[in-house]
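Chain and residue survey
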4 protein chains.
Amino acid sequence: MHVRVGLLTGGGDVPGLNAAIRAVVKRGEGEHGHSIIGFRNGWRGLAEGDVMPLGRQQIRNVLPIGGTLLGTARYHPHSSDGGMDAVLATLEAERIEALIVVGGDGTLHAASKVAEAGIGIVAIPKTIDNDVWGTDRSIGFDTAVTIATEAVDRIHTTAESHNRVMIVEVMGRHAGWIAATSGIAGGAELVLAPEQPFDIDKIVKFLRHRHRAHASFSIIVVAEGAVPAEGTAMQYETQLGRFGEIIAGSISERLKVEIAERTGFDTRVTVLGHIQRGGTPTPTDRILGSRFGVAAIDAITRGETGVMTALRGDDIVLVPLAEIAGKVKQVPTELLDVAQALA
Amino acid sequence: MHVRVGLLTGGGDVPGLNAAIRAVVKRGEGEHGHSIIGFRNGWRGLAEGDVMPLGRQQIRNVLPIGGTLLGTARYHPHSSDGGMDAVLATLEAERIEALIVVGGDGTLHAASKVAEAGIGIVAIPKTIDNDVWGTDRSIGFDTAVTIATEAVDRIHTTAESHNRVMIVEVMGRHAGWIAATSGIAGGAELVLAPEQPFDIDKIVKFLRHRHRAHASFSIIVVAEGAVPAEGTAMQYETQLGRFGEIIAGSISERLKVEIAERTGFDTRVTVLGHIQRGGTPTPTDRILGSRFGVAAIDAITRGETGVMTALRGDDIVLVPLAEIAGKVKQVPTELLDVAQALA
Amino acid sequence: MHVRVGLLTGGGDVPGLNAAIRAVVKRGEGEHGHSIIGFRNGWRGLAEGDVMPLGRQQIRNVLPIGGTLLGTARYHPHSSDGGMDAVLATLEAERIEALIVVGGDGTLHAASKVAEAGIGIVAIPKTIDNDVWGTDRSIGFDTAVTIATEAVDRIHTTAESHNRVMIVEVMGRHAGWIAATSGIAGGAELVLAPEQPFDIDKIVKFLRHRHRAHASFSIIVVAEGAVPAEGTAMQYETQLGRFGEIIAGSISERLKVEIAERTGFDTRVTVLGHIQRGGTPTPTDRILGSRFGVAAIDAITRGETGVMTALRGDDIVLVPLAEIAGKVKQVPTELLDVAQALA
Amino acid sequence: MHVRVGLLTGGGDVPGLNAAIRAVVKRGEGEHGHSIIGFRNGWRGLAEGDVMPLGRQQIRNVLPIGGTLLGTARYHPHSSDGGMDAVLATLEAERIEALIVVGGDGTLHAASKVAEAGIGIVAIPKTIDNDVWGTDRSIGFDTAVTIATEAVDRIHTTAESHNRVMIVEVMGRHAGWIAATSGIAGGAELVLAPEQPFDIDKIVKFLRHRHRAHASFSIIVVAEGAVPAEGTAMQYETQLGRFGEIIAGSISERLKVEIAERTGFDTRVTVLGHIQRGGTPTPTDRILGSRFGVAAIDAITRGETGVMTALRGDDIVLVPLAEIAGKVKQVPTELLDVAQALA
């Protein structure tokens with residue numbers, strides 16, 4: 001049975017999206033004979049009817065290319081005036097019978113809203129933060145960890161001077177997946193994640209002890225969402241400049257000031273920022289994107305919607321969208337414990 | 001309680017072993033206060049009493065280094081004259097109370113034999129083939145897939161000439177994990193794995209059709225253990241030279257002859273060989289090694305032995321050694337199906 | 001003055017060609033206002049009039065992509081029946097006023113033939129062998145060295161077993177540039193290059209001595225064009241199989257047999273082959289391609305033809321095509337000496 | 001003739017230093033029979049008599065490792081109280097007959113001071129800035145360019161959103177080598193280098209025009225030492241916070257504010273910082289280090305001192321230290337021109 005399937009990628013760029021798009025097109029058009037109608041720039045393109053027909057030609061040689069050939073945007077129909085109506089209008093105008101959306105929290109939330117309006121949706125999870133509930137891995141995470149680890153490796157070779165502390169800030173607003181994994185892989189002395197609010201007094205004490213005992217340097221990997229524990233006080237505050245968004249009282253800058261002032265160690269910050277989202281996807285992200293893409297189009301072919309593709313161990317499964325909403329997958333204690341144990 | 005823990009790495013080299021060694025030493029000595037006694041060159045070193053004491057100094061900066069600082073060897077005590085006795089003698093002489101062995105099929109088999117002799121053993125699975133039963137991943141696999149995918153990527157850019165067929169032979173004697181994953185990630189047209197014996201007639205037909213229709217090249221990723229299906233005949237045989245081990249009637253060379261003779265296409269073989277086992281471990285392999293190392297020493301600290309550390313989804317678990325013996329973890333059909341679907 | 005400029009890439013693929021194409025188009029069309037007319041598949045496309053117009057759209061995002069967007073072929077007009085006439089006919093039909101050809105020995109030779117027929121030509125040197133006379137570097141070499149070194153690095157970590165000899169065969173038919181540089185960079189024990197025919201007796205003696213003294217392994221990097229010195233005999237010959245082209249009595253296989261038989265060491269061969277030509281170009285190759293492309297179109301704009309762009313130290317210069325013909329740039333003795341000195 | 005040779009690495013870490021150390025030891029001790037006496041932490045170790053004897057064991061497996069096994073420090077004897085006396089005292093106490101120093105501007109300056117005191121010195125240039133006069137390349141530059149280009153590549157895939165400007169700040173205080181080369185290799189729209197002071201009005205105009213015309217994003221690579229041209233005014237100033245060193249009115253932050261305020265485009269900064277100094281050295285840096293190391297020890301063996309090893313085209317030459325002092329090697333206009341031409 002031939003189906004007209006819509007496809008969009010929402011939220012921030014991550015490597016591996018093109019693998020998912022390619023898989024949907026190859027399996028959907030090539031094997032099942034469906035029509036795959038892409039929408040440019042995520043939900044915005046769907047709202048605006050910005051169509052990009054997808055066929056063999058569009059997906060040529062895209063596997064090793066980061067980003068998304070469909071473009072993306074941080075736009076959510078349910079929180080934009082007339083957004084939902086516009087989306088439904090486009091779906092009707094284009095006679096879309098089922099919709100595949102690739103995205104993170106925001107996109108998945110939008111997906112459940114659109115699903116409630118009666119549209120058959122299959123979601124594919126992507127986020128370098130890896131905090132989508134219900135799946136072991138989301139597209140983009142493995143590449144981000146690889147980039148972050150490479151950075152920690154590089155800083156390792158340059159940090160080995162006298163009494164230097166290097167702080168590496170990685171992404172992770174609600175969960176410390178990148179921090180914990182790149183911290184373990186790169187051999188960081190400390191990993192600070194949102195899951196375990198930190199006590200700055202203990203950190204300063206640890207660093208003083210370590211540097212007195214034997215070490216000449218320490219590397220701290222900190223997730224952007226790391227926070228001080230309640231009842232523990234940072235003694236120094238970063239004064240915001242006029243263009244406060246620049247330093248934003250970011251956790252890494254605050255830590256830097258605190259550590260530098262209290263230990264006297266040469267303390268430096270590297271914020272990885274956007275480079276974590278870019279570059280050639282790792283094999284793991286390409287495979288995950290490919291498997292998710294095939295699973296999504298196969299689900300639609302079977303008439304199964306309202307679900308998200310997910311990795312569980314070695315298997316690809318489908319999880320009801322309703323189960324995912326509002327949950328954050330945090331780093332298991334065992335993994336955080338390994339990060340601390342190997343300091 | 002202080003324990004004298006022996007540690008060895010057996011079988012072929014893989015990246016990520018040093019992460020495991022480091023984790024055992026850091027957690028074992030640094031936190032639990034155990035003594036970690038390494039043995040050089042796998043079981044052979046244990047049989048010969050070749051001891052390498054392990055402490056903070058030995059594991060410095062080893063995380064990004066491939067291979068194993070302990071050395072390894074393909075020696076199995078139970079299949080060597082006097083091997084078991086020598087092993088038991090060393091264990092007694094060194095007053096080893098528990099033994100951690102990192103290895104693949106052969107090492108795990110040896111481990112179960114030594115465990116039967118009353119020695120408390122915890123095994124850590126490593127093999128680039130990823131075919132150890134009971135764990136989602138073994139140390140070394142992710143790095144091997146990364147290297148193989150990189151090779152397929154590179155061949156992609158050079159294969160785009162007229163009517164060329166490139167055969168890439170990867171490791172995988174009993175299971176096609178590397179072939180399936182690097183085939184998907186690299187966008188190969190065909191993946192041949194031991195799990196699904198192939199029909200050369202269909203392959204030739206597929207290639208002829210593909211090249212007539214639109215394509216100018218094809219890439220075939222073949223596991224070294226791939227075999228023709230029963231009842232399907234290869235028409236051409238590779239004549240063995242005097243130094244037959246060179247071409248060894250390897251499956252890739254046989255395929256090359258068959259395809260070249262029957263299609264007339266320029267057909268070439270690249271055998272990745274040893275480079276799949278080398279180089280800097282990926283973050284995934286370093287993290288896996290670190291988690292397995294911590295889990296192994298923690299198990300010993302709790303007095304739990306006769307088990308293998310294993311990854312299941314996001315979790316590290318322990319699997320009884322007895323359950324693993326003689327089983328091969330093959331590639332799930334879904335994954336092989338994705339490989340074929342995206343051709 | 002507006003010029004209609006033809007552009008083709010001939011010979012084997014190398015990474016960095018797209019940078020040169022992009023530079024010709026950006027500088028030529030964007031700044032000088034010329035028309036850039038590409039020909040597909042090298043000289044063959046020029047002979048057959050296979051035109052690919054080049055503008056901003058065609059060169060988007062091609063910098064990090066290996067291969068050539070124009071395609072290539074190993075076809076030379078002067079050695080093909082009617083080839084020269086066909087080339088001249090196309091040039092006239094397309095009103096090409098000047099021609100930029102990117103290629104190695106064969107293409108440069110063809111270029112001088114076409115130039116003799118009165119066509120204004122600027123050549124850009126590319127070859128992973130780096131043996132084009134008159135320029136410090138040719139496009140593709142740096143990427144090939146990077147890939148070869150990475151392979152030697154990887155083999156290093158796996159070679160450290162007892163009495164193993166690993167032979168890595170790299171490209172270089174007439175000059176040992178890749179062998180010498182990847183041998184130095186990878187820390188190989190021996191480098192065999194065409195420039196210095198080897199004495200197998202000395203090699204065997206060196207290996208025996210080295211392994212007796214202290215080492216457990218040795219890595220030999222051999223250029224495909226390496227040869228035994230006159231008067232020195234290989235004792236063992238590789239028997240050719242029916243499909244002799246497979247093993248082809250390749251120098252690495254012959255070495256393997258000789259070393260294995262005479263030393264008893266476990267000796268293995270890895271032939272890097274096509275992967276040396278593929279993948280993302282290094283920055284050096286992208287910059288070289290970009291500078292050469294700009295220099296070529298600038299020369300044409302100034303009316304200067306019959307030349308090849310060349311790198312000399314930090315500078316880009318133009319060398320008369322006539323000076324290059326028939327010469328091979330060999331590896332300087334100092335570089336080969338460094339390779340041997342650091343064994 | 002046996003010589004006692006001192007060896008130190010000064011200034012900031014760069015990848016490739018270990019290759020130079022290894023070459024000095026292998027060639028010096030292994031072939032010439034000299035004694036190589038290392039000093040830890042650069043000039044400081046020489047002043048303090050912090051000796052590290054160097055032999056086969058110390059240089060094992062160091063080729064692919066970044067940093068320097070000797071350690072380094074930013075200490076200069078001639079500008080420290082009693083520094084010169086302490087250095088001369090150590091040289092006498094250790095009976096050092098000749099000294100090899102690996103370093104950048106500061107170290108080379110110190111070297112000429114120590115040479116004036118009658119010590120036979122051979123210098124080896126290293127600096128990721130590549131601004132040492134007299135040599136085409138310094139150790140560390142190629143790796144830094146590779147890392148910077150990789151970052152620009154990654155940002156490329158994430159920058160392709162609506163009206164975004166990405167500023168990437170790279171090292172280069174007095175010369176824009178990294179900026180120019182990574183800008184060309186990564187396809188940046190603008191490259192700002194110290195050699196050509198910029199006019200912010202023109203930049204804003206260029207960006208406005210570009211984004212109106214067709215583009216949705218722009219990448220600017222800026223050297224840390226880039227400055228506005230005289231007579232051109234930045235309209236907005238970055239207010240310094242209490243911890244002014246954090247934002248330091250860095251050129252990239254100032255540009256960000258200026259561009260964001262005047263164009264309204266979403267403008268973001270990535271400061272690569274220390275990661276440019278780290279990681280595995282590229283083959284080019286390993287080869288350069290190896291050749292320089294061999295050339296330095298060979299010069300000493302011949303009794304030639306007061307010189308610096310240098311790369312000129314394909315050749316290694318020696319340049320008198322006196323010729324280098326106080327000069328900065330800037331980026332040639334042609335290279336900067338290519339960077340702008342390909343925007």
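Values in this document were obtained by computation on a predicted structure and should not be read as measured data.

With respect to unusual backbone geometry
Look at A:Asn61: it is not a glycine, yet its phi comes out positive at around 60 degrees. Positionally, A:Asn61 belongs in the loop between β3 (51-54) and α3 (83-93). For A:Asn61, a relative accessible area of 42% gives the class partly exposed. In this model, C:Arg95 sits at a positive phi of 50 degrees, which is unusual for a non-glycine residue. For C:Arg95, the position within the fold is in the loop between α3 (83-93) and β4 (98-103).

Examining the side chain of B:Arg164
Position of B:Arg164 relative to the elements: it lies in strand β6 (residues 164-170). Exposure remark for B:Arg164: the relative accessible area of 12% places this residue in the buried category.

Structural notes on the relation of the copies chain C and chain D
Note on the copies: chain C fits chain D at an RMSD of 0.0 Å, the axial shift is 0.0 Å, and the rotation between them is 180 degrees. Both chain copies can therefore be described as sitting about a two-fold axis. Of every C-alpha in chain C, the one belonging to C:Gly313 sits nearest the axis of rotation, 1.9 Å from it. Here 100% of the contact residues of chain C are again contact residues in chain D; the copies associate through an equivalent surface.

Observations concerning the environment of A:Ile184
Secondary-structure assignment places A:Ile184 in helix α6 (residues 177-186). Given the relative accessible area of 3%, A:Ile184 is considered buried. For the pair A:Ile184 and A:Gly33, spaced 151 residues apart in sequence, the C-alpha to C-alpha distance is 46 Å. In contact with A:Ile184, other than residues within four places in its own chain, are A:Leu335, A:Val338, A:Ala339, B:Leu63, B:Ile287 and B:Ser290.

So, the sheet that holds strand β9 (residues 266-271) of chain A
Residues and elements named next belong to chain A. Spatial ordering of the open sheet is given by β7-β8-β6-β9, a layout of four strands whose pairing is parallel. With one partner strand each, in any of the chains shown, β7 (190-192) and β9 form the two edges of the open sheet. Averaged over all neighbouring strand pairs, the angle between strand axes comes to 20 degrees, with direction disregarded. Summarising the sheet, strand β6 (residues 164-170) and β9 pair through six bridges and their orientation is parallel. The residue of β9 that forms the bridge with Ile167 is Val269.

With respect to the pattern of salt bridges
Residues and elements named next belong to chain A. Evaluation of the coordinates by the stated rule reveals 72 salt bridges over all chains. One salt bridge connects Asp298 with Arg27, and the closest N-O pair in it is separated by 2.8 Å. Here Arg27 lies in helix α1 (residues 17-31) and Asp298 lies in helix α9 (residues 283-301), a separation of 271 residues in the sequence. Here Arg27 falls in the buried class, since its relative accessible area comes to 7%.

What about the interface of chain C and chain D?
The parts lose accessible area when they come together, and the size of an interface is often stated as this lost area. Counting residues at the interface gives 46 residues for chain C, matched by 46 residues for chain D. Between chain C and chain D the total buried area reaches about 3500 Å² when both faces are included, carbon and sulfur atoms providing 52% of it. Here chain C is connected to chain D by 10 salt bridges. Across the pair D:Arg286 and C:Asp153 runs a salt bridge whose closest N-O atoms are separated by 2.8 Å.

Some remarks on the packing of aromatic side chains
One pass over the structure, following the stated rule, counts four aromatic pairs over all chains. Relative to B:Trp177, the ring of B:Phe141 lies with its centre 6.1 Å away and its plane at 80 degrees, an arrangement referred to as edge-to-face. Of the two residues, B:Phe141 is situated in helix α5 (residues 141-159) and B:Trp177 in helix α6 (residues 177-186); the sequence distance between them amounts to 36 residues. With respect to burial, B:Phe141 and B:Trp177 carry one shared label: buried. When the ring centre of C:Trp133 is taken as reference, the NZ or CZ atom of C:Lys327 above it lies at 4.0 Å.

What to know about the UniProt feature "binding site: Mg(2+)" (unreviewed entry) in chain A
Residue and element names in this part refer to chain A. What UniProt calls "binding site: Mg(2+)" (unreviewed entry) maps, in this numbering, to Asp105. Note on placement: Asp105 falls in helix α4 (residues 105-116). What Asp105 contacts, discounting residues up to four positions off in sequence, is Asp131 and Val132.

Side note on the sheet that holds strand β9 (residues 266-271) of chain D
Residues and elements named next belong to chain D. Taken in spatial order, the four strands of this open sheet run β7-β8-β6-β9, and their pairing is parallel. Two strands in the sheet have a free side with no partner beyond their single neighbour: β7 (190-192) and β9. Within this sheet the neighbouring strands show an average axis-to-axis angle of 20 degrees, counted without direction.

Here we look at the UniProt feature "active site" (unreviewed entry) in chain A
Residues and elements named next belong to chain A. What UniProt calls "active site" (unreviewed entry) maps, in this numbering, to Asp129. Along the chain, Asp129 turns up in the loop between β5 (121-125) and α5 (141-159). Among the residues examined, Asp129 registers a relative accessible area of 14% and is labelled buried. Discounting residues that sit within four places of it in the chain, Asp129 has contacts with Met171, Gly172, Arg173 and Trp177.

A word on helix α3 (residues 83-93) of chain B
All names here are of chain B. Gly83, Met84, Val87, Thr90 and Leu91 are the residues of α3 that are buried. Within α3, the buried residues cover an arc of 130 degrees as seen down the axis, which keeps them to one side. Among the exposed residues of α3, those oriented more than 90 degrees off its buried face are Asp85, Glu92 and Ala93. Against β2 (35-39), α2 (42-48), β4 (98-103) and α4 (105-116) lie the buried residues of α3. Positive backbone phi, approximately 50 degrees, marks Arg95, located one or two places after α3.

Some thoughts on the domain arrangement of chain A
Residues and elements named next belong to chain A. When cut into domains, chain A gives domain 1 (4-140 + 281-324) and domain 2 (143-277). Centre-to-centre separation of domain 1 and domain 2, based on C-alpha positions: 35 Å. At the junction of the two partners, domain 1 supplies 14 residues and domain 2 supplies 12 residues. Summed over both sides, the interface between domain 1 and domain 2 buries roughly 1000 Å², with carbon and sulfur atoms accounting for 52% of that surface. On inspection of domain 1 and its partner domain 2, the count reaches zero salt bridges. Counting the contacts that link domain 1 with domain 2 gives seven residue pairs in polar contact (both at pLDDT 80 or more). Within the side of domain 1 that touches domain 2, the residues separate by chemical class into four nonpolar, four polar and six charged.

A word on the packing of helix α7 (residues 200-213) of chain A against helix α8 (residues 251-263) of chain A
For any two helices packed against each other, one specifies the crossing angle of their axes together with the interaxial distance. All names here are of chain A. Interaxial distance between α7 and α8 falls to 10 Å at its minimum, and their mutual angle equals 50 degrees. In this view, α7 runs oblique relative to α8, as classed from their interaxial angle. The crossing of α7 and α8 is right-handed. Residues Ile200, Asp201, Ile203, Val204, Leu207 and Arg208 of α7 form the contact with α8, whose own contacting residues are Leu255, Glu258, Ile259, Arg262 and Thr263. Taken together, the residues of the contact of α7 with α8 break down into six nonpolar, one polar and four charged.

Focus on the confidence of the model for chain A
Close inspection of predicted coordinates is inappropriate in any region flagged by low pLDDT. Residues and elements named next belong to chain A. Here chain A averages 92 in pLDDT, while 95% of its residues score no lower than 70. Here residues 240-248 is a poorly scored stretch, pLDDT under 50, and it has 23 contacts once near neighbours within four places are set aside; other chains count. ipTM for the predicted complex: 0.93, alongside a pTM of 0.94.

Side note on helix α7 (residues 200-213) of chain C
All names here are of chain C. Between its first and last C-alpha atoms α7 spans 20 Å; for 14 residues at 1.5 Å apiece the expected length is 20 Å, and the two agree. Buried residues belonging to α7 abut β6 (164-170), β7 (190-192), β8 (217-223) and α8 (251-263). One side-chain oxygen of the residue at the start of α7 lies 2.9 Å from the amide nitrogen of Asp201, identifying that residue as Asp199.

So, how was this worked out
- Residues numbered from 1 in each chain as written.
- Chains lettered and ligands numbered in written order.
- Predicted model: local features only at pLDDT ≥ 70, side-chain atom pairs only at ≥ 80, totals over all residues.
- Heavy atoms only, no water.
- Helix = DSSP H or I, 4+ residues; strand = E, 2+ residues; numbered from the N terminus.
- Buried < 20%, exposed > 50% of the residue type's maximum accessible area, 1.4 Å probe, protein only.
- Least-squares fit on C-alpha atoms with pLDDT ≥ 70 in both.
- Contact = heavy atoms within 4.5 Å.
- Pairing = 2+ DSSP bridges.
- Axes fitted to C-alpha atoms, helices over the stretch in contact; angles between N-to-C directions.
- Salt bridge = Lys/Arg side-chain N within 4 Å of Asp/Glu carboxyl O.
- Buried area = accessible area lost by both parts, 1.4 Å probe.
- Phe/Tyr/Trp six-rings, centres within 6.5 Å; stacked < 30°, edge-to-face > 60°.
- Lys NZ or Arg CZ within 6 Å of the ring centre and 35° of its normal.
- UniProt positions renumbered as here; feature names shortened; annotations may be inferred.
- Arc of directions from axis to C-beta.
- Domains from an automatic or database assignment.
- Polar contact = N/O pair within 3.5 Å; in protein donor to acceptor, adjacent residues only side chain to side chain.
- Nonpolar A, V, L, I, M, F, W, Y, C, P; charged D, E, K, R; others polar.
- Parallel < 35°, antiparallel > 145°, perpendicular 65-115°, else oblique.
- Left-handed = near helix turned anticlockwise from the far one by under 90°.
- pLDDT = per-residue confidence, 0-100.
- Expected span 1.5 Å × (residues − 1).

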